[in-house]
Structures are given as structure tokens and as C-alpha cells.
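# Commentary on secondary and tertiary structure
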Amino acid sequence: MSRGVDPRMLELLNNASSLQLFELSTVIERLLADPRRIIAVRVNLHLGQTVRFLDWRDGSLREGKVLAMKDTQVVLQDLRERREWKLPYTAIEPPATDAGRAQQGAAAQPEPSAPKPTREDFRRGDKVAFEDKYLQTVVGTVVRINERTATVDAGGGNTWRVGFALLRRVLDI
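What comes next concerns the included structure. (Residues numbered from 1 in each chain as written. Predicted model: local features only at pLDDT ≥ 70, side-chain atom pairs only at ≥ 80, totals over all residues. Heavy atoms only, no water.)

### Let's talk about the sheet that holds strand β5 (residues 127-131)
Overall, antiparallel pairing links the five strands, which are arranged β8-β7-β6-β5-β9 in an open sheet. Unpaired on one side and paired on the other, β8 (159-163) and β9 (168-169) mark the two borders of the sheet. (Pairing = 2+ DSSP bridges. Helix = DSSP H or I, 4+ residues; strand = E, 2+ residues; numbered from the N terminus.)

Structure below.
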């Protein structure tokens, strides 16, 4: 369980009283529940993406595919065991951003990224999804194709004008 933990920190924790450890755990829980930490991970996540996560049972890092994204938890499928995990976003290794990849140096090969969707990729009647400003997934139907945006009917009288690069097609299975 002490994977990657500084030995000096472990020594300090082992010498701490139970009350001090409890106090520390409540501070850590508050820090992990901070919405800014959740958003920092969620902003670069998408369905179907492969990510690394911490297995709390043995402290090892595993790989999993994102199946669902909820308010405070993400649902992953472990690629090795095919088991589903419901984890807080803070248990996920944040996906590398373009800036983070650039800092890793020229030796690292950049991952090929899918081209951003354009106006030509969507038609009236297509079922699409996007994230609103609160990072909630909105699913709707394209009702109009505009010059730079699509008008999406999300039901219940809610319509959105969304840039094509932010949309992704939803497949009905």
C-alpha cells in the first residue's frame, strides 16, 4: 500500500497518534472532494478512453476503460480482469494534456489524436452528446445546422447551440 510514498513520511505517520491520523484523514478527504480536483481530471476524460487508476486493495496502478462519468465518480472496466470499478475521479491518473505531453520532452512520441468534428460530420436528426459548463453530459438531437454551431434539442424544451468540435455522435444500440 505504500507504493511511491516517501519513507520519511511513512515514519512520521507510523509515529503519529490515532487522533492525529484521524484528523489528517478528514483533511485529506476534504481535499480530495474539492470540485477543482474533480474537474482537473474530468476535463480531459471521455467515454471509451483508457486511463490508469489506483487499485485500493494493493496500491497498484491498473488500466481501465471509461464506461460512464457521474458527478463525483467514474465507472471503469478493468482491462485485465474485465471487472467494473466505481471510483472517485481522484483515483484516476489525470490524462496528459497537450501541454503536459510537450513538457515530457521530444523523446516521447505524441499520441495521434482524432480530428475534431466539423460541420460536415453532422446532419439534422443525428443523436449527439456534449458536456455543459458544469461538465454534465447532455444528450439530444440536432435540429439545425448553423454556420459554426449546431442547434441541439435536449428535450423538455431545452435547446442548445453547440460548437461542432464539442459534439460527439451517440450510437443507439
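### A look at the side chain of Gln 49
Relative to the assigned elements, Gln 49 resides in the loop between α3 (35-42) and β1 (50-55). Residue Gln 49 is classed as buried on the basis of its relative accessible area of 13%. One polar contact links the side chain of Gln 49 to the main-chain amide nitrogen of His 46, over a distance of 3.0 Å. Those residues in contact with Gln 49, other than ones at most four positions away along the chain, are Asn 44, Gly 64, Lys 65, Val 66 and Pro 95. (Buried < 20%, exposed > 50% of the residue type's maximum accessible area, 1.4 Å probe, protein only. Polar contact = N/O pair within 3.5 Å; in protein donor to acceptor, adjacent residues only side chain to side chain. Contact = heavy atoms within 4.5 Å.)

### Comments concerning the sheet that holds strand β4 (residues 84-88)
If you trace the four strands from one edge of the open sheet to the other, you get β1-β2-β3-β4, paired in antiparallel fashion. Looking at the sheet topology across the chains shown, the edges are occupied by β1 and β4. Averaged over all adjacent pairs, the angle separating strand axes in this sheet is 50°, with direction ignored. As paired strands, β1 and strand β2 (residues 60-69) are joined by six bridges and run antiparallel to one another. Bridge pairing links Arg 52 to Glu 63 in β2. (Axes fitted to C-alpha atoms, helices over the stretch in contact; angles between N-to-C directions.)

### So, the pattern of salt bridges
In this structure the tally under the stated criterion is seven salt bridges. Arg 36 is paired through a salt bridge with Asp 34; the nearest N and O atoms lie 2.9 Å apart. Look at Arg 36 and you get exposed, because its relative accessible area is 65%. For Arg 62, the salt bridge is made with Glu 81, and the minimal N-O distance between the two is 3.2 Å. Here Arg 62 is found in strand β2, whereas its partner Glu 81 is found in the loop between β3 (73-78) and β4, with 19 residues between them in sequence. Put simply, Asp 55, Arg 62, Asp 78 and Glu 81 are held in one network by salt bridges that share partners. (Salt bridge = Lys/Arg side-chain N within 4 Å of Asp/Glu carboxyl O.)

Shape descriptors only; they carry no functional weight alone.
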